[in-house]
Amino acid sequence: MSQFKTYTFRLYPNNDQKKKLNSFLGTTRFVYNHYLELKEKEYSLNFKDMKKDIPSLVENYPWMKEVDSIIPRCAIDNLENAFTRYFNNLGGKPKFKKHSSLCSYRTSCIRREHKDKEYQNIKVDLINRTIKLPKISEIKIKGYRNLTTFDKKIINVTVKRVAGKYYANVLVSEDIEVPSFKPSLNMVGIDLGVKTLMTTSDGEKIENIKEQLARYEHKLKGLNRWLARSKKGSKNREKIIIKIQKLNQKIRNAKKFYNNIMINKILKENDVVFLENLKTKEMIENGASSLAKSISNSNFSDIINKFKYKAKMLGKKVYQVSTYFPSSQICYSCGSRNEKVKNLSVRKWKCPNCHNVNERDINASLNILEEGMKLYFKDLDKEMKLYLENIDRELKLI
Ligand SMILES: [Zn+2]
């Protein structure tokens, strides 16, 4: 299995190289702003067409010929990402980049074979301590003193300028060995929720990081009040906006970090994990506002993806039950369905059929466990059949 990893090197460009790096950084901003302006004029313009248009842009601005040709394409990718985030309620409307605001450019690694020799446009040389980037000579680097070779598969490089210093983030794909899955009955079903983040079929409840977030929210409120009072276009206002952006980033990081700890704990205790499908959640939680929904859904998809990825690395398994499985509406003790409890505000309900009192989240996680086990045992059956067939074959050979 392969894993992505980023290596960050500090760059020490000479004056000529600095000039080039600055012009590459400027190109990203120029291309981004150019196509944002076109898109604002003609909304139907799509990102593929923008990429097709690059050669004519280069014709009009001959200085662009000196620039690494991948950079304009990456700038359009950035613009597309900004629009995607905007449409998914994860970011504001894409804005024009100011001279100070966008200080990074990304370029991809391209490999070519010629006469049985492989050539690539990006190289990290840890003997001479240099990095070769497209359209620019070897730049001196520092970092990773213990490494002497860099025979890794480079995917791309992002060059950043921070407070006058230059850095390169080199993204590589590394092969790693993962343990193989061993059939196990250490299983758990998990219900994801807005109120309680995760409820396990073992009865464990993992809350949201409410306290920490509440503290951040309090700060955010204060900043927003400041923002409302500040003069439009003033330097002070810009400072407050940056503070708000930083705080929002902190809130996102806190959520992610917390998810990691909880996911690791569950995967330590269990070998097979059963989760819901995201769409199930979307349909059930019709009570929440669309913004809250999209935020919690992005958190859910983050949790699900992390479970899948980490389980793979640890030789464990994750199954997701069908999109249409009504985990919250089925009574776990008798199996009858009660559609009246669809609404999220119903936290506890008495089953009209067997009179059992069901706690919403625990009942759902038990149902997910049972439904997931069906999928898991089907897989085990297949593996068992293969195993028995192999024994048969070996017996025949004897
Ligand atoms: Zn029942």
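Computed from a prediction, not measured in an experiment: that's the story for all the values here. (Residues numbered from 1 in each chain as written. Predicted model: local features only at pLDDT ≥ 70, side-chain atom pairs only at ≥ 80, totals over all residues.)

Entries for the protein chain in the domain assignment read domain 1 (2–175) and domain 2 (187–206 + 266–392). Inter-centroid distance (C-alpha atoms) of domain 1 to domain 2 is 41 Å. (Domains from an automatic or database assignment.)

Here the focus is the sheet that holds strand β1 (residues 2–12). Ordered by their spatial adjacency, 7 strands build an open sheet running β2-β8-β9-β1-β7-β6-β5, and the pairing between neighbours is antiparallel. Only two strands of the sheet have a single partner each, and these edge strands are β2 (104–108) and β5 (123–125). Ignoring strand direction, the axes of neighbouring strands in this sheet form an average angle of 30°. Two strands pair when backbone bridges link them, and β1 and strand β9 (residues 165–175) are joined in this way by 10 bridges, in the antiparallel orientation. (Pairing = 2+ DSSP bridges. Helix = DSSP H or I, 4+ residues; strand = E, 2+ residues; numbered from the N terminus. Axes fitted to C-alpha atoms, helices over the stretch in contact; angles between N-to-C directions.)

This part takes up helix α1 (residues 15–41). The end-to-end C-alpha distance of α1 is 39 Å, a good match for the 39 Å that 27 residues give at a rise of 1.5 Å each. Taken together, the buried positions of α1 are occupied by L21, F24, L25, T27, T28, R29, F30, V31, Y32, H34 and Y35. Residues of α1 that are buried make contact with α2 (47–60), α3 (70–87), β2, β8 (153–162) and β9. (Expected span 1.5 Å × (residues − 1). Buried ≥ 20, exposed ≤ 12 C-beta atoms within 10 Å, placed from the backbone. Contact = placed C-beta atoms within 7 Å.)

One open sheet holds the 5 strands; their spatial order is β12-β11-β10-β13-β14, and the pairing between them is mixed. Each edge of the open sheet is held by one strand with a lone partner, namely β12 (205–207) and β14 (317–320). Here the average twist between neighbouring strands, direction ignored, is 20°. Across 3 bridges, strand β11 (residues 196–200) lies against β12 in antiparallel orientation. By the bridge assignment for β12, T196 is matched with E207. Most of the contacts of helix α8 (residues 360–397) go to strand β10 (residues 187–192), to which it runs at about 130°, and overall it touches β10, β11, β13 (272–275) and β14.

Here we come to the nonpolar core. Formed by 29 residues in total, the largest nonpolar core has its most connected members in A75, I131, A168 and V170. Contributions of two or more residues to this core are made by β1, α1, α3, β6 (130–133), β7 (136–142), β8 and β9. With 7 residues, the single largest contributor to this core is α1. In this view, V170 contacts T6, Y7, F9, V124, I154 and V157; residues no more than four positions away in its chain are not counted. Core analysis: the next-biggest nonpolar cluster, separate from the first, contains 23 residues, L197, M198, I206 and I303 among them. (Core = buried A, V, L, I, M, F, W, Y, C linked by C-beta atoms within 7 Å.)

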